[in-house]
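Topology and contacts: notes
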Amino acid sequence: MLRRWYPSRPAASGQARVNPQCPPHSGLPADGRLRLLSFNIQVGISTERFHHYLTRSWQHLLPHPGRALNLQRIGALLGEYDLVALQEVDGGSLRSGYVNQVEHLAQLGAFPYWYQQLNRNLGRFAQHSNGVLSRLAPRELEDHPLPGPSGRGAILLRFGEGEDALVVVMMHLALGGRTRVRQLAYIRELIGGYRHQVLMGDMNTHASDLLENSPLRDLGLLAPQIEATFPSWRPQRCLDHILLSPSLALERVEVLPLPISDHLPVAMEIRLPDALHGDRLPVTRGGAL
């Protein structure tokens with residue numbers, strides 16, 4: 001059972017928030033294509049060299065006018081996608097000017113649905129969070145703290161019903177290998193009963209480790225993206241991933257050369273199974289990949 005992994009707080013059912021500024025819904029195209037993006041935005045801080053971790057470290061504690069401009073750039077990018085996983089976002093504290101960055105990016109990208117997962121609450125000083133932005137209304141949303149030291153979490157979304165449902169898990173995994181294995185075992189139990197699976201996020205390890213040496217190894221997942229994503233100014237390590245079950249057809253994958261965080265975003269376009277095409281999943285389009 002999941003209880004044996006002792007997460008720091010109980011998992012809970014969540015409810016996607018609705019963006020009242022969003023355009024009306026429209027149906028998915030008949031071909032069932034879905035555009036995905038995963039992005040660690042480093043709370044809107046632009047890091048362009050390793051020494052910026054020191055010289056710009058104060059921006060993790062205090063507001064900075066450049067953050068708003070950077071969020072505008074990020075919002076313009078996100079608007080081209082249907083389902084976005086965000087890591088290292090602030091839920092509204094001193095450093096972000098008390099702006100909930102997930103909600104703000106939902107408004108900038110015209111997403112009708114959004115959800116903020118608060119993983120480390122430092123009060124007025126920081127609201128460490130993950131986020132999801134979606135043009136699809138999820139049938140189910142679950143908020144899962146992950147095993148290990150507090151501060152890591154996963155968001156599970158389910159679209160559709162029964163055996164043809166699509167399950168998407170967005171996550172930010174630990175740096176340490178042993179803790180990461182426990183977290184992946186927890187996630188493995190969450191998704192084991194689904195045929196169509198997507199895992200997205202900053203996983204802090206390479207695809208070969210995830211597919212060959214982790215509790216995910218028996219699922220037959222595919223890792224189409226192998227380009228390095230970190231550090232953004234000179235990518236050397238592939239830490240950010242979108243993993244797919246074999247039942248989902250890959251149309252396109254790309255690491256976007258946009259160094260507006262210390263990670264590069266990963267973009268993917270997939271084709272959904274026939275059972276999930278058309279008006280079964282309402283979606284609002286914001287642009288083209």
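Given the structure is predicted, the values throughout are model-derived calculations rather than measurements.

**A look at unusual backbone geometry**
Residue F230 is joined to P231 through a cis peptide bond whose omega torsion reads -10 degrees. Note that P231 resides in the loop between α5 (207–212) and β12 (240–244). Not every positive phi belongs to a glycine, and Y98 is a case in point at roughly 60 degrees. Checked against the element boundaries, Y98 lands in the loop between β5 (83–90) and α3 (101–108). With phi around 55 degrees, N204 is a residue other than glycine that occupies positive phi space. Position of N204 among the secondary structure elements: in the loop between β11 (196–202) and α5.

**Re the side chain of N19**
Along the chain, the position of N19 falls in the loop between β2 (17–18) and β3 (26–27). At 3.0 Å, the side chain of N19 and the backbone nitrogen of Q21 are in polar contact. For N19, the side chain forms a polar contact with the main-chain oxygen of A106, separated by 3.4 Å.

**Concerning the pairing of strand β9 (residues 153–159)**
Among the seven residues in β9, seven count as buried, and that is most of the element. Along β9, one buried face is formed by G153, I155, L157 and F159 and the opposite face, lined by A154, L156 and R158, is buried too. As judged from the six bridges shared by strand β8 (residues 140–145) and β9, these two strands associate in the antiparallel manner. If you follow D143 over to β9, its bridge partner there is I155. Examined bridge by bridge, β9 and strand β10 (residues 166–172) share six bridges and lie antiparallel to one another. Bridge pairing links F159 to L166 in β10. Counted between consecutive antiparallel strands, the loop separating β9 from β10 contains six residues, among which G160 sits at a positive phi close to 85 degrees.

**A look at the sheet that holds β5**
Taking strand neighbours across the sheet as the criterion, the seven strands line up as β2-β6-β7-β5-β4-β14-β13 in an open arrangement whose pairing is mixed. The open sheet has two free edges, formed respectively by β2 and β13 (249–255), since each of these has just one partner strand. Relative to strand β6 (residues 113–121), β2 runs antiparallel, the two being bridged by two bridges. Looking at the pairing, V18 lines up with Y113 of β6. Across the sheet, α3 lies against β5, β6 and β7 (127–134), angled at about 25 degrees from β7, the strand it touches most.

**Some words on the environment of L118**
By the element assignment, L118 lies in strand β6. Exposure remark for L118: the relative accessible area of 27% places this residue in the partly exposed category. For the pair L118 and S129, spaced eleven residues apart in sequence, the C-alpha separation works out to 4.5 Å. Aside from chain neighbours lying at most four places away, what touches L118 is R9, Q127, H128 and S129.

**What about the pattern of salt bridges?**
Per the counting criterion, the structure on display carries nine salt bridges. For R188, the salt bridge is made with D218, and the minimal N-O distance between the two is 2.8 Å. Of this pair, R188 sits in helix α4 (residues 177–191) while D218 sits in the loop between α5 and β12, placing them 30 residues apart in sequence. D218 sits in the exposed class, given a relative accessible area of 51%. Among the ionic contacts, a cluster of salt bridges with common partners joins R33, E251, E269 and R271.

Calculation criteria
- Residues numbered from 1 in each chain as written.
- Predicted model: local features only at pLDDT ≥ 70, side-chain atom pairs only at ≥ 80, totals over all residues.
- Heavy atoms only, no water.
- Helix = DSSP H or I, 4+ residues; strand = E, 2+ residues; numbered from the N terminus.
- Polar contact = N/O pair within 3.5 Å; in protein donor to acceptor, adjacent residues only side chain to side chain.
- Buried < 20%, exposed > 50% of the residue type's maximum accessible area, 1.4 Å probe, protein only.
- Pairing = 2+ DSSP bridges.
- Contact = heavy atoms within 4.5 Å.
- Axes fitted to C-alpha atoms, helices over the stretch in contact; angles between N-to-C directions.
- Salt bridge = Lys/Arg side-chain N within 4 Å of Asp/Glu carboxyl O.

Geometric descriptors of this kind do not, in isolation, establish any biological role.
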